[in-house]
Amino acid sequence: MAILVTGGTGFIGSHTTVELINAGYDVISVDDFSNSKPLVLDRIEEITGKRPTFYELNILDKEALNEVFEKESIEAVIHFAAFKAVGESVAEPLKYYHNNLGGLISVLEVMKAHNVKNIVFSSSATVYGVDNPSPLKEDLPTSATNPYGYTKVMNEQILQDVVTSDDEWAVMLLRYFNPIGAHPSGLIGEDPQGVPNNIMPYITQVAVGKREQLSVFGNDYDTPDGTGVRDYIHVVDLAKGHVAAIAHALKHNGVEKINLGTGHGYSVLDLVHNFEEATGVEVPYEIADRRPGDVATCYADATYAKELLGWETEFGIEEMCRDAWNWQEKNPNGFVEEA
Ligand code: WQD
C-alpha cells in the first residue's frame, strides 16, 4: 500500500516525500510542475536511495487521477497541490478558487470512488485571520482576509463536511506556520519563481548576491522591535509532522485540526540577525512600508500536536538559517537541470 502525495515536487511536498520514504512508506507522487521542476525527483532519489513513482498530471484532470488510483494501491493521500501566493490571489481570485477548491474536490471525489478515505491536508495558519491573539489554539474561529486564505478556510469546511457525511473518513487539517530552511544535504530546498514573496528565500537571495537588500515591511508594529513576529518552523520538522499525521490517520477516523509550529515567535530583525550569526553572511536591509494584510504577531500554541501525535519540533532558528543558506549557496539559481 502506498501514500499518494499531490504537489510532490514542491517545497513541502518534496521534503515530506523524503521523510515518508525514510519512514518506510511507498510514495506515489503527482505534480504538474507549475511551481516545481522534474530535477527534484532525482534529488529525492539521491537523498533516500529510492525514487518515488511519479505521474505528471494536474489534479483537476480527474480522468488522469483516476488512472493513478486504478494502477496503484493507495491507502492515504497527502494533499499539497495548490496555489499559495497571497498577493496573486487578490489579483486573480477565480484562478485561486478554481484551482484550490476544484483541485481538492477532484481529489476527494476520486478517493471516494476508490474507497480511499484517509487524507492529510496542507492547511495554513492563515485561517486564523487577523483578529485572533497568539499563541493561536486550534479551537479558535477561522476567517480570512484574502482569496488564498479563504480557499484554506473553505477547504477545511469541505473536509469537515465530508467527515460529517461519512464517519469512515480520517481527515488531518495541518495548519502550518512559517516553513523555512531546507534538507541538511542542500539537495532540495525552497525555489520560488520570480521575486520571492516569503522572507527566507528573499534573505538567502540577498545573501547569495541575487538581490541587493531586504525590505523590512514595517517597523512600527506593536512588537518588541516593531517588526513582524512569526513562528518559523524547519521544513524537515514540518515534513516529519506529516509522517506522524499519516500514521494517526491510518489508525483513527474523524477530523483533527493541528498546528504545526514551534510555539516561539521571532521578529523579522531577529531572523536577519540569527541568519547573519548562523552563516557569517551579512544581509543588508532597509525599513520599508508595511505590506497590506500582514498581521503584527502570529505564532502557534503547539501543544496539541505533541499530545495527539507525539510530534514536536527538533530544529531551532540556527539550523533553519544554516540549512536555508546551505541550500541557496549550493544552488544559487535553484533547481537547474545540469547542462
Ligand atoms: C514573514 C514576515 C513580513 C518578506 C505567508 C502566508 C502564509 C504562508 C506563509 C502559505 C512578515 C516580513 C516578508 C519581505 C519582510 N504561506 N517580510 N520582507 O506573510 O507570515 O505568511 O507565508 O501557506 O499563508 O501568508 O510569511 O515570509 O511572507 O512574511 O519584511 O520581503 O516577514 O512582513 O512579518 P507570512 P512571509
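Residues numbered from 1 in each chain as written. Predicted model: local features only at pLDDT ≥ 70, side-chain atom pairs only at ≥ 80, totals over all residues. Heavy atoms only, no water.

### Overview of the site of the ligand
Okay, step 1: In the neighbourhood of the ligand, 18 residues make up the surrounding shell, with Y148, I199, S215, R230 and D294 lying closest.
Okay, step 2: Within the contact set of the ligand, an oxygen atom lies 3.4 Å away from a backbone nitrogen or oxygen of N197.
Okay, step 3: Contact distances for the ligand include 2.8 Å between an oxygen atom and a side-chain N or O atom of R291.
Okay, step 4: Across the complex, the protein chains shield 89% of the 680 Å² of accessible surface that the ligand would expose by itself.
Okay, step 5: Among the elements that take part in the shell around the ligand, strand β8 (residues 214–217) stands out by supplying four residues, more than any other.
Okay, step 6: Residues belonging to the shell around the ligand are distributed by class as follows: eight nonpolar, seven polar and three charged. (Near = heavy atom within 4 Å. Polar contact = N/O pair within 3.5 Å; in protein donor to acceptor, adjacent residues only side chain to side chain. Areas by Shrake-Rupley, 256 points an atom, 1.4 Å probe, with all protein chains shown as cover. Helix = DSSP H or I, 4+ residues; strand = E, 2+ residues; numbered from the N terminus. Nonpolar A, V, L, I, M, F, W, Y, C, P; charged D, E, K, R; others polar.)

### Description of the pairing of strand β3 (residues 53–56)
Okay, step 1: Pairing geometry for strand β2 (residues 26–31) and β3, over four bridges, is parallel. Opposite V30, over in β3, you have Y55 as the bridge partner.
Okay, step 2: A crossover connection joins β2 to the parallel β3 through helix α2 (residues 39–48); in handedness this β-α-β unit is right-handed. (Pairing = 2+ DSSP bridges. Right-handed = clockwise from strand over helix to strand, strands pointing away.)

### Side note on the confidence of the model for the chain
Okay, step 1: Looking at the chain as a whole, the pLDDT averages 97, with 99% of positions reaching at least 70.
Okay, step 2: This prediction of the complex comes with two scores: 0.97 for pTM and 0.97 for ipTM. (pLDDT = per-residue confidence, 0-100.)

### Quick look at the nonpolar core
Okay, step 1: Residues I3, L20, M172, L174, I258 and L260 are the most contacted members of the largest nonpolar core, which totals 40 residues.
Okay, step 2: The set of elements that each furnish at least two residues to this core consists of β1 (2–6), α1 (11–22), α2, β4 (74–79), β6 (170–176), α8 (235–249), β11 (254–260) and α10 (303–309).
Okay, step 3: Looking at this core, the element that brings in the most residues is α8, giving eight residues.
Okay, step 4: Leave out the neighbours within four places in its chain, and L20 touches I3, V5, Y25, V27, I78 and V243.
Okay, step 5: In terms of nonpolar packing, the next biggest core, distinct from the first, is built from 28 residues, L4, I28, V163 and V171 among them. (Core = buried A, V, L, I, M, F, W, Y, C linked by side-chain atoms within 4.5 Å. Buried < 20%, exposed > 50% of the residue type's maximum accessible area, 1.4 Å probe, protein only. Contact = heavy atoms within 4.5 Å.)

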